[in-house]
Amino acid sequence: LSRKFPPLACDLASRLHDETGELAQALLSYAADVDESQNHGDAHLSTKMAAFLDEQRSRLKRHVVANAKRARDVEAFCGAVGAVRDDIRMKRQNVSNAQLDNDDVDDETANDILAKFDMKGGDGVDYEKTILDKMKERTGDGDEEDDLQRFQSNAMVRDMLERLGEKVQGGAKTTGEDDDDDLEVVGDASGNNHGADLKCPILTTYYDQPLKNTKCGHVYSKQGIEQHLRGHGRKKCPVAGCTNDDVQKRQLVEDVEMAMRVKRFKKKEERQKRAKMSQLDDLDDE
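Parameters at a glance
Residues numbered from 1 in each chain as written. Predicted model: local features only at pLDDT ≥ 70, side-chain atom pairs only at ≥ 80, totals over all residues. Heavy atoms only, no water. Core = buried A, V, L, I, M, F, W, Y, C linked by side-chain atoms within 4.5 Å. Buried < 20%, exposed > 50% of the residue type's maximum accessible area, 1.4 Å probe, protein only. Helix = DSSP H or I, 4+ residues; strand = E, 2+ residues; numbered from the N terminus. Contact = heavy atoms within 4.5 Å. Pairing = 2+ DSSP bridges. Axes fitted to C-alpha atoms, helices over the stretch in contact; angles between N-to-C directions.

### A few points about the nonpolar core
Leu60, Val64, Val157 and Met160 are the most contacted members of the largest nonpolar core, which totals 18 residues. Contributing elements (two or more residues each) for this core: helix 1 (5-15), helix 2 (22-37), helix 3 (44-101) and helix 7 (155-164). Among the elements that line this core, the one with the most residues is helix 3, at 6 residues. Every residue in contact with Met160, bar those within four places of it in the chain, is listed here: Cys10, Ala13, Leu60, Lys61 and Val64. Listed in part, the 16 residues of the second largest apolar core include Leu198, Tyr206, Cys237 and Phe265.

Printed below as a string of structure tokens:
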């Protein structure tokens, strides 16, 4: 996905605006001059030019929505693979814990237990189907809603439509790479927790290199949990109320999905900050 695509698409949308776009106005003016010089009473070229511009606007909308959809699918795939990986690691960690805690569980027995986790009827787990199912849970694909309508909460699609001079529906279903409210502010219906669920319980800052505990499911920043585990003796999970009273490094795995959520949230904050600064600049100009 090209980083240059969103600004180029939005710039083109501004130029194609039906009333204020310089490109659209130049082409329509040229067509009107030709019709007048050739005495086309039916505005032959002007009609064709207007249809041509409508088609270019439609093509632009299709490309922008397709780009937003690809970005969403890439993130959904990464999240799904991370979830499957975490499931596998958690199951294997449980076997490892059982092996350590029970002297009767030898390597051969542990492998037999793993086989039960990883095999279904002797054919093995269909990880491709599992990943696709998890992607579908994240993307919501399968309903018959129009793609353009579904992606109107995507920042790039919304910006493009506004620059084209088209009405953007409020409260559109969020389905894009910028699904900030649905993906980043989980568990707060008001959406006003300011990313509290994206902060390390140890450092109280946004997760940096987040690691998930496969035993209890809690997440920590790499620096925070390393600090917590320093010294001797058993270390409890730092999350209040957690029953995991023996956190160990071997329980920790990289949390790719949390890292993406933090990245998206920070991008959203930066967009809001720029928009606020732009509004202040406009007021100063007045």
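### Quick word on the sheet that holds strand 3 (residues 252-254)
Taken together, the 3 strands give an open sheet; going across it, the order is 2-1-3, and neighbouring strands pair in antiparallel fashion. Of all the strands in the sheet, the pair left with one neighbour each is strand 2 (219-221) and strand 3. Mean inter-strand twist for the sheet, computed between neighbouring axes without regard to direction, equals 40°. Summarising the sheet, strand 1 (residues 210-213) and strand 2 pair through 3 bridges and their orientation is antiparallel. If you follow Leu211 over to strand 2, its bridge partner there is Tyr220.

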